[in-house]
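In case you want the letters, here they are:
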Amino acid sequence: MYLSLDRSSTFLKTVRSDMVVKSTLDRTPLIRLDYRADMGRAPAAHWQVHAERGAFSHLLARAHAVDPSRVKKPHDLSSLHIPVGGERFRPCLEDLLQFLVQECGVDSNGGWLEVVQRGRELWRHRQLRATIRDAQEETADVLRGLGWVVEAAPGIDAEEYSPTFVRW
């Protein structure tokens, strides 16, 4: 994980994270979860699956035949960037770990699920706090709707940070 200060220069912000599951035989990636705050064309947060599936490759090959600029590597499923929720709503390391244990049969120690769940809860609360900073008026509206009395504090930058919500 690579960190920097956020736009207010107050909080740490993840600007890049790389999570990779590799084969022990040839050390090639099997699956990757990548996040890049400065990602251009691809989604900021995305899965890349290093596997092949005949039907999917066929779909990509047909698209490539029509317009090679739209699908540059039709037989390389790992070249696809599968979006997973953007900057604020992306999966965390704990999601990947639970996937590996529950879906892929990776070994685990007793109590692993509780540790994973605690880590996931901490991650999601941190992301919630960051989202609230990005959408303060929206947050205030929701709280008012629940009966809270909410007023803006003088001198607080409550400007909505819309790039968080529109970026792919």
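Above this text you will find the structure in question.
Residues numbered from 1 in each chain as written. Predicted model: local features only at pLDDT ≥ 70, side-chain atom pairs only at ≥ 80, totals over all residues. Heavy atoms only, no water.

## Looking at unusual backbone geometry
Excluding glycine, residues mostly have negative phi values, and the peptide bonds linking residues are mostly trans. Here is the rule we go by: By definition, any uninterrupted DSSP run of H or I lasting at least four residues is a helix, any uninterrupted run of E lasting at least two residues is a strand, and each is numbered from the N terminus. For every residue, the accessible area obtained with a 1.4 Å probe (protein chains only) is divided by the maximum for its type, and the residue is called buried under 20%, exposed over 50%, and partly exposed between those limits.
In this model, Ser9 sits at a positive phi of 60°, which is unusual for a non-glycine residue. Inspection of the secondary structure puts Ser9 in the loop between β1 (2-5) and β2 (12-22). Of the residues examined, Ser9 reaches a relative accessible area of 51% and is grouped as exposed. Residues other than glycine seldom take positive phi values, yet Arg27 does so here, at roughly 60°. In this structure, Arg27 sits in the loop between β2 and β3 (29-36).

## Overview of the layout of surface pockets
Using a probe with the size of a water molecule, rolled over the atoms, empty space left in the structure can be pinpointed. The line we're drawing: A cavity, in this analysis, means grid points on a 1 Å lattice covering only the protein atoms where a 1.4 Å probe fits yet has no way out; a pocket is instead an open set bounded by protein on both sides within 12 Å along at least five of seven lines, and a residue lines either one if it has an atom within 4 Å of a point. Grid points are joined across faces, edges and corners, and a volume is the space filled by probe spheres set on the points. By the convention adopted, Pro, Cys, Tyr, Trp, Phe, Met, Ile, Leu, Val and Ala count as nonpolar, Lys, Arg, Asp and Glu as charged, and the other residues, Gly among them, as polar.
Considered as a void within the structure, the largest pocket measures approximately 820 Å³ in volume. If you go around the largest pocket, you meet 33 residues; those closest to its centre are Leu12, Lys13, Gln127, Ala130 and Arg133. Contributions of two or more residues to the lining of the largest pocket are made by β2, α2 (93-104) and α3 (112-134). Broken down by element, the residue count for the lining of the largest pocket peaks at nine residues, all from α3. In this model, the second largest pocket occupies a volume close to 410 Å³. Around the second largest pocket sit 15 residues that line it, and Arg41, Arg70, Ser79, Leu80 and His81 are the ones nearest its centre. Looking at side-chain class alone, the lining of the second largest pocket contains nine nonpolar, two polar and four charged residues.

## Description of the packing of aromatic side chains
This is how the line gets drawn: Here is the rule: rings of Phe, Tyr and Trp (six-membered ring for Trp) pair when centre to centre is within 6.5 Å. Planes less than 30 degrees apart are stacked, more than 60 are edge-to-face, and the remainder are tilted. Charges are assigned to positions over rings by a cutoff of 6 Å between ring centre and Lys NZ or Arg CZ, combined with an angular limit of 35 degrees from the ring normal.
The tally for this structure, following the rule as stated, stands at zero aromatic pairs. Taking the ring centre of Tyr35 as reference, the NZ or CZ of Arg90 above it sits at 3.8 Å. Arg133 extends its terminal NZ or CZ atom over the ring of Phe11, reaching a point 3.7 Å from the ring centre.

## A few points about the state of the cysteines
The line we're drawing: When two cysteine sulfur atoms lie within 2.5 Å, the pair is treated as a disulfide.
In this structure the tally under the stated criterion is zero disulfides. Residue Cys92 stays outside any disulfide, its sulfur separated by 16 Å from that of Cys104, the closest cysteine. Assessed through its relative accessible area of 46%, Cys104 is described here as partly exposed.

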